[in-house]
Amino acid sequence: MLFVTDYRLKSHLKKDDVKRLMDEFGKRGAAPGELTHYARIDGSGGFTISENDDLKAAYENVLAYTEFMTFTITPVLTIGDAVGPILAYTSR
């Protein structure tokens, strides 16, 4: 399954907290199945796109960062995979 994760840094983070976050990221590395990772240029967070069927591993990864961030995780389809169901729906 494909997922888009929108993460936002919690507003109370101080410089030491950001250092601990980066240490955790350095220790853990990329999220399971991560395909790409983008940072917002305003410093408030970012987005990842991942492909992962192991939801337990994905959940464990989120839990490791909940002290620092909030998450919105959305399962998505490629447009190529979505067109067939859209056409089936519109032709009924």
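See the structure shown above.
Here goes a summary of the coordinates provided. Since this is a predicted model, take the numbers as computed values, not measurements.

A short note on the nonpolar core
Membership of the largest hydrophobic core is limited to six residues, which are Tyr 7, Leu 13, Leu 21, Tyr 65, Phe 68 and Met 69. Leave out the neighbours within four places in its chain, and Tyr 65 touches Leu 21, Glu 24, Phe 25, Arg 28, Gly 29 and Phe 71.

Re the packing of helix α1 (residues 15–28) against helix α2 (residues 55–65)
Running from N to C, α1 and α2 point in directions that differ by 155 degrees, and their axes come no closer than 10 Å. Judged on the interaxial angle alone, α2 and α1 are roughly antiparallel. Here Leu 21, Glu 24, Phe 25 and Arg 28 of α1 come into contact with α2, specifically with Glu 60, Asn 61, Ala 64 and Tyr 65. Partitioning the contact of α1 with α2 into residue classes produces four nonpolar, one polar and three charged.

Describing the side chain of Asn 52
Assignment of secondary structure puts Asn 52 in the loop between β3 (45–51) and α2. Of the polar contacts made by the side chain of Asn 52, one reaches the backbone nitrogen of Asp 54; its length is 2.6 Å. Excluding anything up to four places from it in sequence, Asn 52 contacts Met 1, Phe 3, Pro 32 and Ala 58.

Quick look at the pairing of β3
Here is the key point about a regular strand: its side chains alternate between the two faces of the sheet. Bridge count for strand β1 (residues 2–9) against β3 is seven bridges, and the pairing is antiparallel. Residue Tyr 7 lies in a different strand from β3, and its bridge partner there is Gly 46. As defined by bridge partners, strand β2 (residues 34–39) adjoins β3 across five bridges and the pair is classed as antiparallel. The partner of Ala 39 across the bridge, within β3, is Gly 46. Where β2 hands over to β3, the hairpin turn is made up of five residues, of which Gly 43 adopts a positive phi near 80 degrees.

What counts as what
Residues numbered from 1 in each chain as written. Predicted model: local features only at pLDDT ≥ 70, side-chain atom pairs only at ≥ 80, totals over all residues. Heavy atoms only, no water. Core = buried A, V, L, I, M, F, W, Y, C linked by side-chain atoms within 4.5 Å. Buried < 20%, exposed > 50% of the residue type's maximum accessible area, 1.4 Å probe, protein only. Contact = heavy atoms within 4.5 Å. Axes fitted to C-alpha atoms, helices over the stretch in contact; angles between N-to-C directions. Helix = DSSP H or I, 4+ residues; strand = E, 2+ residues; numbered from the N terminus. Parallel < 35°, antiparallel > 145°, perpendicular 65-115°, else oblique. Nonpolar A, V, L, I, M, F, W, Y, C, P; charged D, E, K, R; others polar. Polar contact = N/O pair within 3.5 Å; in protein donor to acceptor, adjacent residues only side chain to side chain. Pairing = 2+ DSSP bridges.

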